Amino acid sequence: MQECIQDILEWYQKNKKTLPWRQNCNPYHIWISEVMLQQTRIEAVIDYYHRFLKKLPSIEDLAVVSDDDLFKLWEGLGYYNRARNLKKTAQIIVNQYHGKFPCEYQELLSLPGIGDYTASAIASICFQQKKATIDGNVLRVYTRFYNSNLDIGLLKTKREIAGKIEKIIPNESGDFNQALMEIGEVLCIPNGTPHCENCPLNCRCLASKYKNYSLFPKKQEKRRKRVLEYTVLIFVFKNTYAISKRENKGLLHQLWQFPNIEGIRTKKQVEDYLKSMNIAYLKIKKFITNTHIFTHQKWQMVSYYIELEHPIKNNQLLFLSINKIIKDYAIPTAFQPFLKRIVEVDK
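The following paragraphs examine the structure supplied in this document. Everything numeric in this text was worked out from a predicted model, so none of it was measured.

Considering soluble globular proteins, one finds that nonpolar side chains tend to be buried as a cluster. Grouped together as the largest cluster of nonpolar side chains are 68 residues, with contacts concentrated most on Trp-31, Phe-52, Leu-62 and Phe-335. Sort the elements by how many residues they give to this core and helix α2 (residues 27-37) lands first, with 7 residues. With near-sequence residues (within four places) excluded, Trp-31 lies in contact with Ile-59, Leu-62, Leu-86, Thr-89, Ala-90, Phe-101, Ile-114, Thr-118 and Ile-122. By size, the runner-up hydrophobic cluster in this structure holds 33 residues, among which are Val-138, Ile-161, Leu-180 and Ile-183.

This is how it looks when you write it as structure tokens:
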């Protein structure tokens, strides 16, 4: 691969995508984009990126933003711990580094939510340190290039490949890292036939030579996800709907949701539950079902639309108009289908 470095860099300069975070090497901008790009497609991130920086143009702004405003900016991106860690890190940088981003890889690695990938991306793109940025695209390009049987699901594999790349990484480390990722994204694609004829690695790549690219990369089969069942209760009173904040622990903690109870309940079981809680209602009807898949869990949800006789006296519930909920409250993706259906009903 070392013999292909110049070709890789030249390909990148000619073919790289025009992206808003590539307009400069501002570490704040690069950091925000890299965190957003984890688990999310580039096309989906661009609008979030612009909106985020318009609201929080500096790291000082991020350090003092309220959690609710932060989560609203993050709404739809998922993996909300990423947003929580952004704020924690911003506060550390403001308080301990006087608002100046640390430039050393190990210092970056010590900050909340910044792992090997993000630290190496910031260090190489913003500060030209020779650290390899390893994502799924790079793992695919590398294992195909060498016909490597290494299991890319293992942390030790990522670190081994990072170490080998760092032995050959050029002074233009940021461009080199971004080039390998972009080659994996647009040429050495995961599904279908890769575009080897346009790839700067083509003349040395073993997968291209033997046409066995479908065999790589290797990865052990994932464990089956844990399945959880919930019944979502859409409480409505005079065009206001109840939402509640989740507990300060577990998945989606501290985010807003529609009230729910464990298990898939029948209409009769929901009626019995409401009676046991002394909740007076006028009508109840079956609403929509939804399945949401997280990294390690799958939620199967049914819902009921419940018209109340009077508001529920519960400090944990807020009754708000649907427009107020949409405008000011972050509703996780798992509950978004219920929100969208309420909008249709509320028209």
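From this point, the discussion proceeds with the structure in view.
Okay, the pattern of salt bridges next. Two side chains bearing opposite charge may form a pair once their charged atoms approach each other closely. Across all of its chains, the model carries 15 salt bridges by this definition. Notably, a salt bridge pairs Lys-268 with Asp-272, separated by 3.0 Å at the nearest N-O pair. Separated by 4 residues within a single helix, Lys-268 and Asp-272 lie in helix α13 (residues 267-276), roughly one turn from each other. Put simply, Lys-324, Lys-327 and Asp-328 are held in one network by salt bridges that share partners.

Burial within α2 is extensive, with 11 of its 11 residues counted as buried. Turning to α2, its buried residues are Pro-27, Tyr-28, His-29, Ile-30, Trp-31, Ile-32, Ser-33, Glu-34, Val-35, Met-36 and Leu-37. Of the surrounding secondary structure, the elements contacted by the buried residues of α2 are α3 (42-55), α4 (59-64), α5 (67-74), α6 (81-96) and α8 (116-127). At the N-terminal boundary of α2, the capping side chain belongs to Asn-26, with an oxygen 2.9 Å from the backbone nitrogen of Tyr-28. Two residues or fewer after α2 comes Gln-39, characterised by a positive phi angle close to 70°.

About the cut-offs
- Residues numbered from 1 in each chain as written.
- Predicted model: local features only at pLDDT ≥ 70, side-chain atom pairs only at ≥ 80, totals over all residues.
- Heavy atoms only, no water.
- Core = buried A, V, L, I, M, F, W, Y, C linked by side-chain atoms within 4.5 Å.
- Buried < 20%, exposed > 50% of the residue type's maximum accessible area, 1.4 Å probe, protein only.
- Helix = DSSP H or I, 4+ residues; strand = E, 2+ residues; numbered from the N terminus.
- Contact = heavy atoms within 4.5 Å.
- Salt bridge = Lys/Arg side-chain N within 4 Å of Asp/Glu carboxyl O.
- Polar contact = N/O pair within 3.5 Å; in protein donor to acceptor, adjacent residues only side chain to side chain.

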